[in-house]
Amino acid sequence: EHNLITLAPPDDWASTPSRVNQTMIHEYSHLAMWNATQPHPPPRWLDEGIALYLAGESDMRGIMTLTVAAAFGNLHPFDTITRSFPRDKSRAIVAYYQSVSFVNYFIDTYGVMGMNRLIKNLADGETMDDACRATTGLPFFIIEREWMKSVRFWYNWVPIIVTVLNSWILVT
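Quick look at the structure, then. (Residues numbered from 1 in each chain as written. Predicted model: local features only at pLDDT ≥ 70, side-chain atom pairs only at ≥ 80, totals over all residues. Heavy atoms only, no water.)

What follows is about the overall build of the chain. Within the chain, the regular secondary structure consists of six helices and zero strands. Counting from the amino terminus, the chain carries its helices and strands in the arrangement α-α-α-α-α-α. Out of the 172 residues in the chain, the part that is buried amounts to 40%. In the chain, once contacts between residues fewer than 6 apart in sequence are set aside, the share between residues at least 24 apart is 62%. (Helix = DSSP H or I, 4+ residues; strand = E, 2+ residues; numbered from the N terminus. Buried < 20%, exposed > 50% of the residue type's maximum accessible area, 1.4 Å probe, protein only. Contact = heavy atoms within 4.5 Å.)

This part covers the packing of helix α2 (residues 44-55) against helix α4 (residues 89-123). Across the interface, α2 lies against α4 with an axial gap of 8 Å and an inter-helix angle of 100°. With respect to α4, the axis of α2 lies roughly perpendicular. Residue-level contacts link Arg44, Trp45, Leu46, Glu48, Gly49, Ile50, Leu52 and Tyr53 of α2 to Tyr96, Ser99, Val100, Phe102, Val103, Asn104, Ile107, Met115, Leu118, Ile119 and Leu122 of α4. Class assignment of the residues belonging to the contact of α2 with α4 gives a composition of 14 nonpolar, three polar and two charged. (Axes fitted to C-alpha atoms, helices over the stretch in contact; angles between N-to-C directions. Parallel < 35°, antiparallel > 145°, perpendicular 65-115°, else oblique. Nonpolar A, V, L, I, M, F, W, Y, C, P; charged D, E, K, R; others polar.)

In this section: α2. For α2, with twelve residues, the first-to-last C-alpha span of 17 Å sits near the 16 Å given by 1.5 Å per residue. Most of α2 is tucked away: nine of the twelve residues are buried. What α2 keeps buried is the set Trp45, Leu46, Asp47, Glu48, Gly49, Ile50, Ala51, Leu52 and Ala55. Immediately beyond the C-terminal end of α2, within one or two residues, lies Gly56, with a positive phi of roughly 70°. (Expected span 1.5 Å × (residues − 1).)

Treat this as a map of the structure, not an account of what it does.
Below, the structure written as structure tokens:
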């Protein structure tokens, strides 16, 4: 609302300047998204996913979080994290990593220009479904379903295969 970012630095920032940079990029991306989309702010999951994506905050913790959530069927339907994220910390962490996973998938599939068009369509007041149709020719639920298929593959089988291969290599 006021184009203001306020951060209270934790004690460990001095020892981790890269984390400071990530945090600043993350927070500035929220500010840029807010300015680009007013008066029609994007869904919370898209805003957070883009912030994590731009800050490079997708890491091993995210992979493990999504692996466990996908394996146990604990991913959130996006319509449940459109306005806010869960209050429960572990469920919120799933929502954050799920969001950046979707943004990665969307950009890998439709490109950066596709993401830019999606954001512009949302800023013009279109619903997510209409914005996706205008951007990709597909309704949101189809894109969400395809993303879910990729999550089930990449976050179920690939970590298992890598773990088994690593174990086999260590044994031999």
